Amino acid sequence: MDAVFEMLGGEHTAKSLRCLRDFGRVIQYGTATGKPPQLDVRALYANPRASGLWLTYLSQKPEDHETSVAQLSEWIAQRS
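A. Geometry of the overall build of the protein chain. Broken down by element type, the protein chain carries three helices and three strands. For the protein chain, the succession of helices and strands along the chain, N to C, is β-α-β-β-α-α. For the protein chain, buried positions account for 26% of its 80 residues. Looking at the protein chain as shown, the accessible area adds up to about 5,500 Å², and 55% of this sits on carbon and sulfur atoms. Charge centroids of the protein chain, computed over 9 positive and 9 negative side chains, lie 8 Å from each other.

B. Spatial organisation of the pairing of strand S1 (residues 3-6). Residues Ala3 and Phe5 line one face of S1 and the alternating positions Val4 and Glu6 line the opposite face, and both faces are buried. One ladder, built from four bridges, connects S1 with strand S2 (residues 25-28); its direction is parallel. Residue Glu6 lies in a different strand from S2, and its bridge partner there is Gln28. At this point the chain moves from S1, through helix H1 (residues 11-18), to the parallel S2, and the crossover so formed is right-handed.

C. The nonpolar core, seen in detail. Among the nonpolar cores identified, the biggest contains seven residues, and these are Ala3, Phe5, Ile27, Leu53, Leu58, Leu72 and Trp75. Of all the secondary structure elements, the ones that give two or more residues to this core are S1 and helix H3 (62-79). In contact with Leu53, not counting residues within four places along its chain, are Gln28, Tyr29, Gly30, Leu58, Ser68, Leu72 and Trp75.

D. Looking closely at the sheet that holds strand S3 (residues 49-52). Spatially, S1-S2-S3 is the arrangement adopted by the three strands of the open sheet, whose pairing is parallel. In this open sheet, the two edge strands, each paired with only one partner strand, are S1 and S3. Strand-to-strand, the axes of this sheet are offset by a mean angle of 15°, without reference to chain direction. Where H1 meets the sheet, it contacts S1 and S2, and its direction lies at approximately 170° from that of S1.

E. Up close: the side chain of Glu6. Inspection of the secondary structure assignment puts Glu6 in strand S1. Although buried, Glu6 forms no salt bridge, and the nearest oppositely charged side chain, Lys15, lies 9.4 Å from it. Within the local environment of Glu6, its side chain forms a polar contact with the backbone nitrogen of Leu8, the two atoms lying 2.8 Å apart. With sequence-adjacent residues up to four places away left out, Glu6 is seen in contact with His12, Thr13, Ser16, Val26, Ile27, Gln28, Tyr29 and Gly30.

Reading the values: the criteria
Residues numbered from 1 in each chain as written. Predicted model: local features only at pLDDT ≥ 70, side-chain atom pairs only at ≥ 80, totals over all residues. Heavy atoms only, no water. Helix = DSSP H or I, 4+ residues; strand = E, 2+ residues; numbered from the N terminus. Buried < 20%, exposed > 50% of the residue type's maximum accessible area, 1.4 Å probe, protein only. Areas by Shrake-Rupley, 256 points an atom, 1.4 Å probe, with all protein chains shown as cover. Lys, Arg positive; Asp, Glu negative; His and termini not counted. Charge placed at Lys NZ, Arg CZ, Asp CG, Glu CD. Pairing = 2+ DSSP bridges. Right-handed = clockwise from strand over helix to strand, strands pointing away. Core = buried A, V, L, I, M, F, W, Y, C linked by side-chain atoms within 4.5 Å. Contact = heavy atoms within 4.5 Å. Axes fitted to C-alpha atoms, helices over the stretch in contact; angles between N-to-C directions. Salt bridge = Lys/Arg side-chain N within 4 Å of Asp/Glu carboxyl O. Polar contact = N/O pair within 3.5 Å; in protein donor to acceptor, adjacent residues only side chain to side chain.

This is the structure in structure tokens:
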């Protein structure tokens, strides 16, 4: 996969990284499991693009929220 959008957190983040092609992108935007993402940074050696958005935090910062949602939308559009 070229891109994975991950919202579960916990062990699912590492699983998402393993699904990527070389130089793919994982975008972490939530932790629905309630567990922090498990990320072995060595996985980034082959998949160096990782991004994250904490939507709850951004909703409290209106000046950053619009820009961040626009970026997330762009990433989603690039995926298709």
